[in-house]
Protein chains: 2
Amino acid sequence: MGENDESEIIEHHDDEEMEKMRTPRNQSFLESVASSEKDGYSSTQSSHRLLAYSDALISIIATVMILPVAHTKFQDNEELKQSIQALLTTKVAVYLMTFLIVTVAWAAHIRLFQVIERIDDTLALLNLACMMLITFLPYTFSLMATFPTNNLGILLFCACVMVIGLVQALIVLYGFSRPFLLSDQIQMSENQAYYKRRILEVIMRVPIMCLFASVFSIIFIQVSYIILAIVIFLPYISQCLKWIRSKAIGGQVEDSPDSVPFYTYHPSEPLSKERVEAFSDGVYAIVATLLILDICEDNMPDPSVVKKKFDNNLIAALQEYGPEYLAYFGSFVTVGLLWFVHHSLFLHVTKATRLMGLFNTFSLAFVGGLPLAYQLTQEFPKGSRNELEAVQISCVIIFFAGLFQLAMWVTALFTERETLHPYVRYGGREHAFMLAKLSLYPCVALGTFVFTCVLSRFSTSIFHMMEIGVPFAFLVLKLLVRVALVLLRWLFCPARNDLDSVPVEEEDSQLPINDIVT
Amino acid sequence: MGENDESEIIEHHDDEEMEKMRTPRNQSFLESVASSEKDGYSSTQSSHRLLAYSDALISIIATVMILPVAHTKFQDNEELKQSIQALLTTKVAVYLMTFLIVTVAWAAHIRLFQVIERIDDTLALLNLACMMLITFLPYTFSLMATFPTNNLGILLFCACVMVIGLVQALIVLYGFSRPFLLSDQIQMSENQAYYKRRILEVIMRVPIMCLFASVFSIIFIQVSYIILAIVIFLPYISQCLKWIRSKAIGGQVEDSPDSVPFYTYHPSEPLSKERVEAFSDGVYAIVATLLILDICEDNMPDPSVVKKKFDNNLIAALQEYGPEYLAYFGSFVTVGLLWFVHHSLFLHVTKATRLMGLFNTFSLAFVGGLPLAYQLTQEFPKGSRNELEAVQISCVIIFFAGLFQLAMWVTALFTERETLHPYVRYGGREHAFMLAKLSLYPCVALGTFVFTCVLSRFSTSIFHMMEIGVPFAFLVLKLLVRVALVLLRWLFCPARNDLDSVPVEEEDSQLPINDIVT
């Protein structure tokens, strides 16, 4: 049976490869058709690397605003709760707003380059201009948070968004003026003019709302903040409204049978899986290394201090920074393992939907807070109330980061035929193993949280035990799942352990339990 | 003609796709052969995303050490030269050493995963452990630079390298114990044991040298620094020695006909082009955003200061930071355009050799210095001697970053049949255009340098003119090249302008000049 299953996996991968191959073939056909329209010099290029670079830039920018949060100095004598509350009002809010708005811009970028599949030099340069403006957005958010009553921040933000909208409109117009750059679907279609109008409408929607917001910011600044909040959740609001309308009128009203599938804002609208992966990789990589950026710069003892205070004993001087190293390794391991879980999940995801993308964003936003939480954990004296709270905040962050990963999988299970590989679907061969992988971190975080409440004196020790234990848990997880399944089978259905029922179940390969028994 | 050429490009891309496809097919065949050795649960995975994540981590770590350099505060009253000299001795040296040693580790990582083409969960976790140790290397370098006479830094470094070597050896042993994870070439081969021994030998070479270095560090610390320098240039030294030996004895002596092509350390040894691109993307992305990381954190005026000093006029308060914004945009544009040139070059590169990888590393190391240079440019009062020197340093950095990109192309031209797409080979259709793209930045930087020497009073203005002008130069570059070629043709070979010679030349498509005329 093992043999058959393995070849099935491989066939699945082969299919993907075939899928990849098919596109360039169409491309080559269409391009040779369209080539009469091109001048001899324009070298059309695959957009793959441009998109990878854009993803890297956007993921760095999305996580940038955690730095001011992490660098806030906490007073040791006052309660952590107070400083956390002061933080929550500004810096954490700025971080989350930035993260959300940058991912909105990123989602728009995905959709834009699902329409324009090939690029040339001009498009590459226009895209770089667009990226530069996006990297400036976090700063405008900081301005808004620091001076909430001054309208300069909101005006700058709106100006940026409007210019980004104009550059994107320029990219669309340029793309439609050279149809061989467009996606095959639109190239094939006869009403390109309709597509062009529709895409421009969607792109210009956000800049126009920002225009209103900037006008309102001069008169009545609260209104413009509300408009900005609407911008972030616009896709979901518009989808809700459409759904309510369709329920009220009765019967789904499709506005056009020829509507562009990647401009619907529907929750199950496909996002490019490759780009979701690239963006997540970028966020995980920058978050994993955030602490080493600080450590390399700040945790280097001054030679003169070492001479005076520690009598040239470098090891003693470095021991002062011990907790920082521990924080670094702890956060690297946790971020690395969360990446590993994400990687395992996306290995079996065949299509990423909008809703999965949203949960992924939430998960990543929590991951971004991890280094901060770990730094907090090491900052307070042993046994203090602050230390306990810092450990508990870390647990909460890990819990939610893991929980939203699990939510992604659950969302995918609802439309499993389209989004998941057969093996991890409900009843598939690796279903139980995947569930174990995804629920390990939320369970461990919850357990640690409960333990620290009960045994508050040993909170840090419990937390360190967790840190050390989890990587090993991942190594032996396969074994643990097998043992657990055997136990479950033995407890609940010992009657089904007879031999003649096994081959029947093996054929439809529905229950993961069979694999263990056979 | 345009039509034929375009389809040729596409065929070329198709070939690449076919190449990609062929591998998984072999895989499926071999895996089904090997599947009897596997247990039913081990899900073999493509290593693509693991490698992308590793590239992202390594590229961030490689550029980390520029931060302490950039954050050095310069005294305005003393000469820049002095502070630059103080910098050069420690921080810049640490940055360059880190960059080189991290790229050596990265090259080793490439080679390792050219042998092991497929991964499973255990390998993914082992790789994460390896990454964590690599991210710690920059810190050990800082220790060495700050305390050059203390052997703790070198001991820590050697310990890290030895543990990395052990983890890599573990990865190799694990890979060879499950042959379906190995590359097809080794899977097919009959003497796997030979490969295993040879690869382990190469991997353990560096850790063993580090063991010697750590022993020497206790007795005689200078020797261990020399050993470390040898480690970085080991591949080139060993290749040189081999070359000298072969010249001395006469006749190339191949030690084995079956030698592994990716463990030769030969300058024309192929590196994975995809991974060179991913690593470069990571470096360009983090360098482009380095300044915004600082700006978001440090350049936010304090509300109380704004109230007192600027009478609540936020715009006046922000004008103080004007130069910083300018520095950010300047460095983003330059890094973005250098990425654009790199992207254009690698679009036509079919295979990256070791020597090209070395030039790429040098180019990236200079790119990493750009944000620092731009920050310097804005830091000094107008017309001061320091300002002139800062502008000139920026020019020198841009010049070398561009020059090494050009060097990559020149290196590729020497073995153009293997490494370049026909269009950019000597005499190819886009040869002149590529030359113009690659030489634009070195030429402009050189020109700006000369201008600032002559008109030292206007150095900053000249520099800003350059910044604004270059993006537009890239936009109209195609036109400029065309005009230049027509002029060249008209000046040097007006006789060849007759019509009957054109069709003959068109057939072999050797001279780029023809395209403009026809």
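Because the structure is a prediction, the values reported are computed rather than measured.

Criteria and cut-off values
Residues numbered from 1 in each chain as written. Chains lettered and ligands numbered in written order. Predicted model: local features only at pLDDT ≥ 70, side-chain atom pairs only at ≥ 80, totals over all residues. Heavy atoms only, no water. Helix = DSSP H or I, 4+ residues; strand = E, 2+ residues; numbered from the N terminus. Buried < 20%, exposed > 50% of the residue type's maximum accessible area, 1.4 Å probe, protein only. Contact = heavy atoms within 4.5 Å. Areas by Shrake-Rupley, 256 points an atom, 1.4 Å probe, with all protein chains shown as cover. Core = buried A, V, L, I, M, F, W, Y, C linked by side-chain atoms within 4.5 Å. Phe/Tyr/Trp six-rings, centres within 6.5 Å; stacked < 30°, edge-to-face > 60°. Polar contact = N/O pair within 3.5 Å; in protein donor to acceptor, adjacent residues only side chain to side chain. Axes fitted to C-alpha atoms, helices over the stretch in contact; angles between N-to-C directions. Parallel < 35°, antiparallel > 145°, perpendicular 65-115°, else oblique. Left-handed = near helix turned anticlockwise from the far one by under 90°. Nonpolar A, V, L, I, M, F, W, Y, C, P; charged D, E, K, R; others polar. Expected span 1.5 Å × (residues − 1). Bend = angle between axes of the 7 residues up to and from the residue. Disulfide = S-S within 2.5 Å. Patch = residues over 30% accessible without salt bridge, like charges linked within 9 Å, V, L, I, M, F, W, Y side chains within 5 Å. Salt bridge = Lys/Arg side-chain N within 4 Å of Asp/Glu carboxyl O. pLDDT = per-residue confidence, 0-100.

Novice: Account for the overall build of chain A, naming residues and giving values.
Specialist: Along chain A, the regular secondary structure elements total 21 helices and four strands. Every one of the 518 residues in chain A was classed for burial, and the buried ones make up 57%. Across chain A, contacts joining residues at least 24 apart in sequence account for 78% of those joining residues at least 6 apart. In the form shown here, chain A has an accessible surface area of approximately 22,300 Å², with 66% of it arising from carbon and sulfur atoms.

Novice: Tell me about the nonpolar core, and please be specific about residues and values.
Specialist: Phe157(A), Phe474(A), Phe157(B) and Phe474(B) are the most contacted members of the largest nonpolar core, which totals 295 residues. Beyond its immediate sequence surroundings of up to four residues, Phe157(B) is in contact with Ile101(B), Leu137(B), Thr140(B), Phe141(B), Met144(B), Cys210(B) and Leu228(B).

Novice: Account for the packing of aromatic side chains, naming residues and giving values.
Specialist: Applying the stated criterion across every chain, the model contains 40 aromatic pairs over all chains. Ring centres of Tyr194(A) and Tyr195(A) lie 6.0 Å apart, and the angle between their planes is 50 degrees; this geometry places the pair in the tilted category. For Tyr195(A), a relative accessible area of 1% gives the class buried. Ring geometry for Phe340(B) against Phe474(B): centres 5.6 Å apart, planes inclined by 90 degrees, an arrangement best described as edge-to-face. Taken as a pair, Phe340(B) in helix H13 (residues 322–347) and Phe474(B) in helix H18 (residues 459–475) lie far apart in primary sequence, 134 residues in all. Feature note: the residues Phe136(A), Tyr139(A), Tyr325(B), Tyr328(B), Phe329(B) and Phe332(B) constitute an aromatic cluster, connected by ring pairs.

Novice: How would you explain the side chain of Asp281(A) if you had to name every residue and give the values?
Specialist: Structurally, Asp281(A) is set in helix H10 (residues 273–298). In this structure Asp281(A) comes out as buried when scored by relative accessible area, which is 6%. One polar contact links Asp281(A) to Arg49(B), side chain to side chain, over a distance of 3.0 Å.

Novice: Describe in detail the packing of helix H17 (residues 431–454) of chain A against helix H19 (residues 477–492) of chain A, supporting the description with residues and values.
Specialist: Residue and element names in this part refer to chain A. At a closest axis distance of 10 Å, the pairing of H17 and H19 adopts a crossing angle of 120 degrees. By the angle class used here, H17 and H19 are oblique. The crossing of H17 and H19 is right-handed. Two secondary-structure elements touch here, H17 through Ala432, Phe433, Ala436 and Lys437 and H19 through Leu477, Lys478, Val481 and Leu485. Partitioned by chemical class, the residues of the contact of H17 with H19 number six nonpolar, no polar and two charged.

Novice: Lay out helix H10 (residues 273–298) of chain B with the relevant residues and their values.
Specialist: Residues and elements named next belong to chain B. With 26 residues, H10 should reach 38 Å at 1.5 Å per residue; the first-to-last C-alpha distance of 38 Å fits that figure. In H10, a bend of some 35 degrees at Thr289 exceeds every other bend along the element. Of all 26 residues in H10, 21 are buried, a share of seventy percent or more.

Novice: A description of the side chain of Lys437(B) should follow, citing residues and the corresponding values.
Specialist: Assignment of secondary structure puts Lys437(B) in helix H17 (residues 431–454). A relative accessible area of 5% means that Lys437(B) is categorised as buried. Side chain to side chain, Lys437(B) and Asp121(A) meet in a polar contact 2.7 Å long. Among residues more than four places away in sequence, those in contact with Lys437(B) are Asp121(A), Phe340(B), Val341(B), Ser344(B), Phe474(B) and Leu477(B).

Novice: So what about the state of the cysteines? Which residues, and what values?
Specialist: Linking two cysteines covalently via their sulfur atoms produces the bond known as a disulfide. All names here are of chain B. One pass over the structure, following the stated rule, counts zero disulfides over all chains. Of all cysteine sulfurs, the one in Cys210 lies closest to Cys158, which takes part in no disulfide; the gap is 4.4 Å. By relative accessible area, which is 0% here, Cys158 ends up buried. Between Cys160, a free cysteine, and Cys158, which holds the nearest cysteine sulfur, the sulfur-to-sulfur gap is 9.6 Å.

Novice: Run through a nonpolar patch on the surface, naming residues and quoting values.
Specialist: Residue and element names in this part refer to chain A. Taken together, the side chains of Ile468, Phe472, Leu475, Val476, Leu479, Leu480, Val483, Leu487, Leu488, Trp490, Leu491 and Phe492 define a hydrophobic patch exposed on the protein surface, amounting to about 1,300 Å² of accessible area. At the level of secondary structure, the elements contributing two or more residues to the nonpolar patch comprise helix H18 (459–475) and H19. By residue number, the principal contributor to the nonpolar patch is H19, which donates eight residues.

Novice: Can you break down the confidence of the model for chain A residue by residue, with the values?
Specialist: Residue and element names in this part refer to chain A. Overall, the predicted model of chain A reaches an average pLDDT of 76, with 79% of residues at or above 70. Ranking the elements of chain A by mean pLDDT puts helix H20 (residues 501–508) last with 36 and helix H6 (residues 152–177) first with 90. Below a pLDDT of 50 lies the segment residues 497–518, which in the model reaches 31 contacts outside its immediate sequence neighbourhood of four places, other chains included. The ipTM value of the predicted complex is 0.79, and its pTM value is 0.81.

Novice: Please give an account of the environment of Met466(B) that cites residues and values.
Specialist: All names here are of chain B. Inspection of the secondary structure puts Met466 in helix H18. Note on Met466: relative accessible area 8%, which makes it buried. In the structure, Met466 is positioned 418 residues away from His48 in sequence and 40 Å away in space, judged by C-alpha atoms. Sequence-distant contacts of Met466, defined by excluding residues within four places in its chain, comprise Ile398, Val444 and Thr448.

Novice: Could you give an account of H18(B), naming the residues involved and the relevant values?
Specialist: Helix length check: H18(B), at 17 residues, gives a terminal C-alpha distance of 25 Å against a target of 24 Å (1.5 Å per residue), a fit within 8%. The set of residues buried in H18(B) consists of Ser459(B), Thr460(B), Ile462(B), Phe463(B), His464(B), Met466(B), Glu467(B), Val470(B), Ala473(B) and Phe474(B). Taken together, the buried residues of H18(B) touch helix H5 (121–146) of chain A together with H13, helix H14 (354–379), helix H15 (385–414), H17 and helix H19 (477–492) of chain B.

Novice: A description of the environment of Ala213(A) should follow, citing residues and the corresponding values.
Specialist: All names here are of chain A. Within the fold, Ala213 resides in helix H8 (residues 192–219). Overall, Ala213 belongs to the buried group, its relative accessible area being 0%. When neighbours within four sequence positions are excluded, Ala213 is seen to be in contact with Cys158, Ser224 and Ile227.

Novice: With reference to specific residues and values, describe the packing of helix H14 (residues 354–379) of chain A against helix H15 (residues 385–414) of chain A.
Specialist: All names here are of chain A. Relative to each other, H14 and H15 sit at 160 degrees, their axes nearing to 8 Å. Taken together, the axis directions place H14 and H15 in an arrangement best described as roughly antiparallel. The two elements H14 and H15 cross, and the hand of that crossing is left-handed. Residue composition of the contact of H14 with H15, grouped by class: 20 nonpolar, seven polar and one charged.

Novice: Quick rundown of the pattern of salt bridges? Include the residues and the values.
Specialist: Evaluation of the coordinates by the stated rule reveals twelve salt bridges over all chains. In this structure, the salt-bridge partner of Arg49(A) is Asp281(B), at a minimum N-O distance of 2.9 Å. Here the residue Arg49(A) occupies a position in helix H2 (residues 48–64), and Asp281(B) occupies one in helix H10, the pair thus bridging two chains. Each member of the pair Arg49(A) and Asp281(B) is classed as buried.

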